[in-house]
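# An overview of the molecular structure
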Amino acid sequence: MTSETAKPRPGFWPARAATMALLFCSGFLYATWGVHVPTVKAMFDLNDASLSVAMFAVAGGAIVTMSRMARWVGRAGSQRASLHAGIALALTSAFLLSMPNYWGLVAWLALYGAANATYDVAVNAQAATLEARYRKPIMASLHGCFSLGGMAGALVGGAWLAHQGSPQWHVGLAALGCAVVIVIGARFMQPDMLPGEAPVANAQAGTPARKHTPAPLLDDAARRKLNRKLTGFGVLAFLGLVVEGAMYDWTAVYMREVVAAQGAWIGAGYAAFSVGMAAGRFGGDPVRARMGGARLLRVSSLLCVAGVLLALFWREPLAAVVGFALAGLGLSNVMPVMFAASGEVARSAGMASAEAIAVMARLAYLGLLVGPVLIGAIAHGVDLPVALGVGLLCIVPIAVLAPKMLAGVDGRADTPR
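Residues numbered from 1 in each chain as written. Predicted model: local features only at pLDDT ≥ 70, side-chain atom pairs only at ≥ 80, totals over all residues. Heavy atoms only, no water.

### Some remarks on helix α11 (residues 317-331)
- Spanning 15 residues, α11 covers 21 Å between terminal C-alpha atoms, matching the ideal 21 Å at 1.5 Å per step.
- Regarding α11, the residues found buried are P317, A319, A320, V321, G323, F324, A327, G328, G330 and L331. (Helix = DSSP H or I, 4+ residues; strand = E, 2+ residues; numbered from the N terminus. Expected span 1.5 Å × (residues − 1). Buried < 20%, exposed > 50% of the residue type's maximum accessible area, 1.4 Å probe, protein only.)

### Quick notes on a positive patch on the surface
- Taken together, the side chains of R68, R71, R75 and R362 make up a positively charged region of the molecular surface.
- The dominant element in the positive patch, judged by the number of residues it contributes, is helix α3 (residues 48-76), at 3 residues.
- Inspection of the secondary structure puts R75 in helix α3.
- Assessed through its relative accessible area of 64%, R75 is described here as exposed. (Patch = residues over 30% accessible without salt bridge, like charges linked within 9 Å, V, L, I, M, F, W, Y side chains within 5 Å. Areas by Shrake-Rupley, 256 points an atom, 1.4 Å probe, with all protein chains shown as cover. Salt bridge = Lys/Arg side-chain N within 4 Å of Asp/Glu carboxyl O. Lys, Arg positive; Asp, Glu negative; His and termini not counted. Charge placed at Lys NZ, Arg CZ, Asp CG, Glu CD.)

### Overview of a nonpolar patch on the surface
- A cluster of nonpolar residues, V382, V386, V390, L393, V396, V400 and L401, forms a patch on the protein surface that exposes about 580 Å² of accessible area.
- Within the residue set of the nonpolar patch, elements represented by two or more residues are α15 (384-391) and α16 (395-405).
- Per-element accounting of the nonpolar patch gives the leading share, 3 residues, to α16.
- In this fold, V396 is placed in helix α16.

### Topic: the packing of helix α1 (residues 12-35) against helix α5 (residues 102-134)
- At a closest axis distance of 10 Å, the pairing of α1 and α5 adopts a crossing angle of 155 degrees. With respect to their mutual orientation, α1 and α5 come out roughly antiparallel. Judged by the sense of rotation from one axis to the other, the crossing of α1 with α5 is left-handed. Here α1 contributes F12, A15, R16, T19, L22, L23, C25, S26, L29, Y30 and W33 to the contact with α5, which in turn contributes L109, Y112, N116, Y119, D120, V123, Q126, A127, L130 and Y134.
- A breakdown of the residues in the contact of α1 with α5 according to their chemical character gives 15 nonpolar, 4 polar and 2 charged. (Axes fitted to C-alpha atoms, helices over the stretch in contact; angles between N-to-C directions. Parallel < 35°, antiparallel > 145°, perpendicular 65-115°, else oblique. Left-handed = near helix turned anticlockwise from the far one by under 90°. Contact = heavy atoms within 4.5 Å. Nonpolar A, V, L, I, M, F, W, Y, C, P; charged D, E, K, R; others polar.)

### A look at the environment of P191
- Structurally, the position occupied by P191 is in the loop between α7 (167-186) and α8 (220-257).
- According to the relative accessible area criterion, P191 is buried, its value standing at 13%.

### Brief notes about the pattern of salt bridges
- For the coordinates displayed, the defined rule picks out 3 salt bridges.
- The residue D285 makes a salt bridge to R16 at a minimum N-O spacing of 4.0 Å. Here R16 lies in helix α1 and D285 lies in helix α9 (residues 265-291), a separation of 269 residues in the sequence.
- The exposure class of D285 is buried, given its relative accessible area of 4%.
- Put simply, R256 and E257 hold a salt bridge, and the shortest N to O gap is 3.5 Å.
- The class of R256 is partly exposed, set by a relative accessible area of 42%.
- Looking at E257, the relative accessible area reads 55%, which means it is exposed.

The structure is reproduced here in structure tokens:
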């Protein structure tokens, strides 16, 4: 029987809006840190190698702690964990530029990465709960809010630096503002959906879920089987993020050095890719509800390939910008679909959504590190167009394997639960 703590509060839309706000804050704070990477380099007089170590500390802190912290999120619940991890994220963000020395900075960045990963898992576990409880695909639009937060953070940071404002005050005020949003927003989140709990009949009505039949406890064999499936999701997400990371880091270089773009056209490729990502995520939920996650990823993969090929073979600024926008549109739903599928598989099997999401995300986020490095190595050995073309090979397995791997958990509105 559903416990009192597991009864959803009335109001799907307040919980959805709160989750969107928390993911916006995540993107905003991450962009705020990104704006100040040159500030950190100047503060400590770092060379490129030392700066790379500092930047890898963020990813290292996330990857090392994600599994353990995900188990805590599963025990605490996504609502409570989102609040506590969000406060930790705001605190670590606020003091990023206040470290007394380089190694203090590296250690603090590792803490920041751990807090960011825990917060990411917790908020996405809440999103998985809302999708499952109300049978409404929402994951893509939530990730669209993350993208909007990143754009807003970059714009605010750029404007602040253009007016020569204090970097320490900038990160401090950004962290304070996001902390307020997180504390308020977490109040509207809902308790996690229990394994076996039936979805509500009507999201608008906010009626409580029906009684559920608890899923059997996972034995070792079942856990291993589930972990293999989640690892498969992680591999697909990893491949998508390899290409996504490459696009974010190399589009401006491609526009300048290959397309020979001038002035604002140099940054237009990056901007177009970002806009494509945001647009695809805000439009992805109704498409996934109609065609399912597997077909969405297959069509999206082909769109991404077409976009990158357009940029590679038609080396005019406008054509390249259009191509990168299509690439962003095509890649936009890979991570939302994988997050949603991981949460659904976990709920059906009796594992906490947070733990399942962490198994997938821990592998996936390596792609953001590997992508730029892989493209850079190939570009150094051959040239950048060939490197970006080779990167497209990562998209093929997504199109081929997604239908089989997502069978039964593809997020269609009429999928039996």
